[in-house]
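# Structural description and commentary
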Amino acid sequence: MGWIAENVESIKSMKIRDTLSQLITLGMIVSTALIIWKALMCLTGSESPVVVVLSGSMEPGFKRGDILFLHMSEAPFRAGEIVVYNVEGKQIPIVHRVIEVHEQENSGKVDILTKGDANGADDRSLYAYGQNWLKPQQIMGRAVGFVPYAVHACRGSRSAGYNLEGLSDRVFKA
C-alpha cells in the first residue's frame, strides 16, 4: 500500500508541475506579445501601430480585413495621406484620407478634414458634436503599409497577398 500512495503523490506533484509550467509558458507568451507591442509603439510613434480595416469606406484602396501598419512622424499632414484617427466618444478608430489641411501661419494651428474614398461626403458627420475639423492630436498614425485580406486569410476565406514595402499606387490615387 505504501508504494501505491507514493506513486499517487508523485503523479499529483507532476500534475502540479505541468500546470505551473503551462502557466509560466502562457505568462511568457503574453509578456512577449506586450513587449513587442510596446516596442512597435516606440518605433512607430503611434499608440496603435497596427489596425484592421473594419468597414468598406476606403474601398477600393482598402477592404474589410486588411491590416494597416501605422507610423506617426513630425512631418506636416498633407492632402492625400491616409490617416487613422480617434473621435471623442467613439472607441473604434477610423481609417480615412486627408482631403484638406488648413494651417494658420501666425499661430501654427492645424485643422484637418478627412473623407472615406467610398463615401460621398466628408467626415464632419463622424466627428464629435460641433467639431468641423480634426486636430493633429486626434491622429493616431499614417498608413505606411498594409497586408490585404489578412483577416480573411486567417479565416481561410481568401488568399493573402503581401505588400509591406508601402502602399500601392491604387491607394494614393486621389
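This write-up is about the structure you can find in this document. Since the structure is predicted, the reported quantities are computational estimates derived from the model, not experimental observations.

### Structural notes on the pairing of strand 4 (residues 94-103)
- Inspection of the sheet shows strand 3 (residues 82-85) paired to strand 4 by four bridges, in the antiparallel sense. What sits directly across from valine 84, in strand 4, is valine 95.
- From the end of strand 4 to the start of strand 5 (residues 110-115), which pair antiparallel, there are six residues, and glycine 108 there has a positive phi angle of about 75 degrees.

### Digging into the side chain of aspartate 111
- Here aspartate 111 shows up in strand 5.
- For aspartate 111, a relative accessible area of 10% corresponds to the buried category.
- Other than its neighbours up to four places away in sequence, aspartate 111 contacts Glu100, Val101, His102, Trp133, Leu134 and Lys135.

### Some remarks on the nonpolar core
- By size, the foremost hydrophobic cluster in this structure holds 13 residues, and its most contacted members are Val83, Tyr85, Ile112, Leu134 and Ile139.
- Elements supplying a minimum of two residues to this core: strand 3, strand 4 and strand 5.
- Among the elements that make up this core, the one with the highest residue count is strand 5 (three residues).
- With sequence-adjacent residues up to four places away left out, tyrosine 85 is seen in contact with Pro93, Ile94, His96, Thr114, Asp123, Leu126, Tyr127, Leu134, Gln138, Ile139 and Met140.
- Counting 12 residues, the second-largest nonpolar core is a separate cluster that includes Val51, Val53, Phe62 and Met140.

### So, the sheet that holds strand 5
- On the basis of which strands lie adjacent, the open sheet formed by six strands has the order 1-2-6-3-4-5 and antiparallel pairing. Unpaired on one side and paired on the other, strand 1 (50-52) and strand 5 mark the two borders of the sheet. Averaged over all pairs of adjacent strands, the angle between their axes in this sheet comes to 50 degrees, without regard to strand direction.
- The sheet contact formed by strand 4 and strand 5 spans six bridges and is antiparallel. Bridging across to strand 5, histidine 102 finds its partner in aspartate 111.

### Observations regarding the pattern of salt bridges
- Counted by the stated rule, this structure contains four salt bridges.
- With a shortest N-O distance of 2.9 Å, arginine 142 and glutamate 81 are connected by a salt bridge. Placement of arginine 142 in strand 6 (residues 139-147) and of glutamate 81 in the loop between strand 2 (67-71) and strand 3 is noted, with a sequence separation of 61 residues between them.
- The closest approach of N and O atoms between lysine 135 and aspartate 111, which form a salt bridge, is 2.5 Å. Here the residue lysine 135 occupies a position in the loop between strand 5 and strand 6, and aspartate 111 occupies one in strand 5, the gap between them amounting to 24 residues.
- On the accessibility criterion, lysine 135 (27% relative accessible area) is partly exposed.

Thresholds applied
- Residues numbered from 1 in each chain as written.
- Predicted model: local features only at pLDDT ≥ 70, side-chain atom pairs only at ≥ 80, totals over all residues.
- Heavy atoms only, no water.
- Pairing = 2+ DSSP bridges.
- Helix = DSSP H or I, 4+ residues; strand = E, 2+ residues; numbered from the N terminus.
- Buried < 20%, exposed > 50% of the residue type's maximum accessible area, 1.4 Å probe, protein only.
- Contact = heavy atoms within 4.5 Å.
- Core = buried A, V, L, I, M, F, W, Y, C linked by side-chain atoms within 4.5 Å.
- Axes fitted to C-alpha atoms, helices over the stretch in contact; angles between N-to-C directions.
- Salt bridge = Lys/Arg side-chain N within 4 Å of Asp/Glu carboxyl O.

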